[in-house]
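# Observations on the three-dimensional arrangement
Here is what each chain is made of, one letter per residue.
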Amino acid sequence: MKEEYMGLPLVKNETDHQFELTVEGHTAIIVYKESGKKIWLIHTEAPAELEGKGVATALIEKTLAYLEENHYTLVPLCPLVVAYLKRHPEWKRIVDPTVTNL
């Protein structure tokens, strides 16, 4: 993650069921669904103003850290999150054992 994003807060917006990271006045999101301590990451989206700046990657990294810190089991449905997990297999430690596409 770029150093400039490290201090930015991750927001878990429970009303809209999304994790949010705001950079330069624009908000990137990961839509989720949760049941107990199992969470599905469904869709990642960054506004055009943030594309190519590493914001989606920072959002994914912050979200995975949040999930681990809060003892969630992850089911990645978002293709961007799946691709990130394939590049960073150390995060498979929080993935639900039923997931076989990684």
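Residues numbered from 1 in each chain as written. Predicted model: local features only at pLDDT ≥ 70, side-chain atom pairs only at ≥ 80, totals over all residues. Heavy atoms only, no water.

### Considerations on the side chain of glutamate 61
Test applied: In DSSP terms, a helix is any run of H or I states spanning at least four residues, a strand is any run of E spanning at least two, and both are numbered starting from the N terminus. Accessibility here uses a 1.4 Å probe with only protein chains present; expressed as a share of the type maximum, an area under 20% marks a residue as buried, one over 50% as exposed, and anything in between as partly exposed. Lys and Arg are tallied as positive, Asp and Glu as negative. Neither His nor the chain termini are counted. Salt bridge, as used here, is a side-chain nitrogen of Lys or Arg placed within 4 Å of a carboxyl oxygen of Asp or Glu.
With respect to the element layout, glutamate 61 can be found in helix α2 (residues 55-69). Salt bridges are absent for the buried glutamate 61, whose nearest opposite-charge side chain, arginine 87, sits at 7.3 Å.

### Thoughts on the pattern of salt bridges
Going through the model one piece at a time under the given rule, you end up with five salt bridges. Among the salt bridges present, the one from glutamate 14 reaches lysine 12, with a minimum N-O distance of 3.9 Å. Here the salt bridges share partners, and the residues they tie into one network are Lys12, Glu14 and Glu34.

### Some thoughts on unusual backbone geometry
Even without glycine at this site, histidine 17 takes up a positive phi of about 55 degrees. By relative accessible area, histidine 17 is classed as partly exposed at 42%. Unlike most non-glycine residues, histidine 71 shows phi in positive territory, near 60 degrees. Tracing the backbone through its elements, the reader meets histidine 71 in the loop between α2 and β5 (73-76).

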